[in-house]
Amino acid sequence: MSAVQGQLPLEGMPRRLYSCTPSRLNTWLDCRRRYRFTYLDRPQPAKGPAWAHNSVGASVHNALAGWWREPYERRTPLTASILLTNGWIKEGFRDAEQSGRWLGRARDLVSGYVATLDPSDDPVGVERTVATRTKVIAVSGRIDRLDRRGDELVVVDYKTGRRPLTQDDARSSLALAVYAVAASAMMRTPCRTVELHHLPTGEIVEWRHTEESLGRHLRRAEEVATEAAAADERYREVVATPRSGRAARDGQPATSRSGREARDGQPAGPAQVPAEIDELFPPSPGPLCSWCDFRRHCAEGLSAGPERLPWDGLAE
C-alpha cells in the first residue's frame, strides 16, 4: 500500500470535503507533477509563453457569451463579429499578420455559428458556474451554455480545436457529466444530455447520460479526489512549513529557491522538495509534454517530445 493510500482518517473524525473543479481532477489524472506545479507550489513555477490556439479559443468563447448578453434585436452575426474583433486576444501568434489572419477566421466562426441559433431562445445560463457536493467532494465549474429543451436542461460546451470530435468525447467527459449533475441539483430540473459544439466543422456531438452513467462519473471523481486530497495533505505536511538555519531561529519559514527567484525579478522555478514528495507527484511523460506550460521545469517532459512553438497548435 502506498503512503497516500495508507493515510486514513481517525475513527469518527469527519473528512474535510475536497474542493475542486473538473480541470483539477483531470490534471491529477494527466500528470501529477503538472498538478503539483499548478495547484500546490507557491509561488507557482513560471509558465512558458502563451499559446495562440488558446487565445483563439478564449476570444471565441468570450464573444459567444457576450452575444447572448446583448438585447434580442442585436443578436445578429454582425454583432458576434464585432464582439470577437473588440475582444481579440493577440498573445501567442508569430506576428501581427498571423494574428490578423486568425482574427478573420475566428470572425467567420462566430458569425457562422450564431446564424444557426434562434436569438429569441434565451439560455438558462451563459458562462454559468454550477456546483454540487457529495460526502467526498465539493466540485464546481463553469458551463459555456446551459439550455432548456422541453422539461430538461442540456449542457453545451464550445470547441474550437482542429481535431474532429466523436461521440465518445462527449460520453467520456468527466467535466460534462459533473456539470450535468450540478446543474440538475441547482436548478431542480433533470439534466442528462451533454453536447459538444465544434465550431470549425459546425458539428454537434451529443450524448445522453443515464442516472447510472452520471453516477459512475461522480464516483470516479470521488476516487480521483480521494487520491489527490491525500497527496495534497502530505505535501502540506512536508513542504508548506519547512524551517531551517537562520529562518528557524528567527521564527520564520525557510525560503525556497523559487521564492528568492521571484523576488529577484527572475522567473520562479519549482519548489525544492524532498525525494518523497517528488515520488508522490511523478511526471507522466508523453506527447502532451510538448504542450505543457511547465515543460521547462521537467527533465522528463523535455525528453518526451519536441518543443512546440506558441502557434503550432493552429490548424494552418
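Model, not experiment: these values are computed from the prediction.

About the thresholds
Residues numbered from 1 in each chain as written. Predicted model: local features only at pLDDT ≥ 70, side-chain atom pairs only at ≥ 80, totals over all residues. Heavy atoms only, no water. Core = buried A, V, L, I, M, F, W, Y, C linked by side-chain atoms within 4.5 Å. Buried < 20%, exposed > 50% of the residue type's maximum accessible area, 1.4 Å probe, protein only. Helix = DSSP H or I, 4+ residues; strand = E, 2+ residues; numbered from the N terminus. Contact = heavy atoms within 4.5 Å. Axes fitted to C-alpha atoms, helices over the stretch in contact; angles between N-to-C directions. Parallel < 35°, antiparallel > 145°, perpendicular 65-115°, else oblique. Left-handed = near helix turned anticlockwise from the far one by under 90°. Nonpolar A, V, L, I, M, F, W, Y, C, P; charged D, E, K, R; others polar. Expected span 1.5 Å × (residues − 1). Pairing = 2+ DSSP bridges. Salt bridge = Lys/Arg side-chain N within 4 Å of Asp/Glu carboxyl O. Phe/Tyr/Trp six-rings, centres within 6.5 Å; stacked < 30°, edge-to-face > 60°. Lys NZ or Arg CZ within 6 Å of the ring centre and 35° of its normal. Polar contact = N/O pair within 3.5 Å; in protein donor to acceptor, adjacent residues only side chain to side chain. pLDDT = per-residue confidence, 0-100.

The next subject is the nonpolar core. Among the nonpolar cores identified, the biggest contains 26 residues, and Val60, Leu64, Leu84 and Trp88 are the most heavily contacted of them. Listed by contribution, the elements that provide at least two residues to this core are α3 (52-69), α4 (77-86), α5 (96-114) and β4 (152-159). In terms of residues, this core owes the most to one element, α3, which gives eight residues.

What follows concerns the side chain of Arg145. For Arg145, the location among the structural elements is in strand β3 (residues 137-149). The class of Arg145 is buried, set by a relative accessible area of 4%. Among all residues touching Arg145, those that are not within four sequence positions of it are Trp68, Tyr113, Leu117, Pro123, Gly125, Val126, Val154, Val155, Val156, Tyr158 and His197.

Take the packing of α3 against α4 next. Direction vectors running N to C along α3 and α4 enclose 135 degrees, while the axes themselves pass 8 Å from each other. The angle between α3 and α4 places the two elements in the oblique class. The hand of the α3/α4 crossing is right-handed. Each of Ser59, Val60, Ala63, Gly66 and Trp67 in α3 lies in contact with α4, whose residues at this interface are Thr79, Ala80, Leu83 and Leu84. Here the contact of α3 with α4 is built from residues that sort into six nonpolar, three polar and no charged.

To continue, consider α3. Given a rise of 1.5 Å per residue, 18 residues ought to cover 26 Å, and the 26 Å separating the end C-alpha atoms of α3 matches this to within 8%. Most of α3 is tucked away, with 13 of its 18 residues classed as buried.

A separate point is helix α1 (residues 22-30). For α1, the complete set of buried residues consists of Pro22, Arg24, Leu25, Thr27 and Trp28. Each element contacted by the buried residues of α1 is listed here: β1 (18-20), α2 (32-39), β3, α7 (174-187) and α8 (211-238).

It is worth spelling out the pairing of strand β6 (residues 203-208) at this point. When a strand is regular, its side chains alternate between the sheet's two faces. As defined by bridge partners, strand β5 (residues 191-198) adjoins β6 across six bridges and the pair is classed as antiparallel. Pairing of His198 across the sheet is with Glu203, part of β6. Between β5 and the antiparallel strand that follows it, β6, lie four residues; Gly202 among them carries a positive phi value of about 80 degrees.

Turning to the pattern of salt bridges, a few remarks are in order. Under the defined criterion, the tally for this structure stands at 24 salt bridges. Arg36 is the partner of Asp41 in a salt bridge, and the nearest nitrogen-oxygen pair spans 3.0 Å. Linking Glu211 and Arg192 is a salt bridge whose minimum nitrogen-to-oxygen distance equals 3.0 Å. A residue pair is termed long-range when its members are at least 10 positions apart, and Glu211 in helix α8 and Arg192 in strand β5 qualify at 19 residues. Overall, Glu211 belongs to the partly exposed group, its relative accessible area being 47%.

The next point concerns the packing of α1 against α7. Running from amino to carboxyl end, α1 crosses α7 at an angle of 150 degrees, the nearest separation of the two axes being 9 Å. Relative to α7, the element α1 lies roughly antiparallel. Here α1 runs over α7; the crossing is right-handed. Contacts from Pro22, Leu25 and Asn26 of α1 reach α7 at Leu174, Ala175, Val178 and Tyr179.

Now for the packing of aromatic side chains. For the structure shown, the criterion picks out ten aromatic pairs. Pairwise contacts between aromatic rings join Trp28, Tyr35, Tyr39, Tyr235 and Phe281 into one cluster. For the cation-ring pair, Arg105 lies above Trp102, with the distance from its terminal atom to the ring centre recorded as 4.4 Å.

Here we take up the pairing of β4. By the criterion of burial, β4 is predominantly enclosed, with seven of the eight residues buried. Bridging between β3 and β4 involves five bridges; their strand directions are antiparallel. Across the sheet, the residue bridging to Arg149 is Glu152, located in β4. The turn linking β3 back onto β4 is made up of two residues, and Gly150 within it adopts a positive phi angle of 70 degrees. As paired strands, β4 and β5 are joined by seven bridges and run parallel to one another.

The subject of this paragraph is the side chain of Glu127. Structurally, Glu127 is set in strand β2 (residues 125-133). Within polar-contact distance, the side chain of Glu127 engages the side chain of Arg142 at 2.9 Å. Not counting chain neighbours up to four residues away, the residues in contact with Glu127 comprise His61, Ala65, Arg69, Arg142, Ile143 and Asp144.

In this section: the confidence of the model for the protein chain. In the predicted model, the protein chain carries a mean pLDDT of 89, and the fraction of residues at 70 or more is 87%. Note that pLDDT drops below 50 for residues 242-261; the model gives that stretch 26 contacts with residues more than four away or on any other chain.

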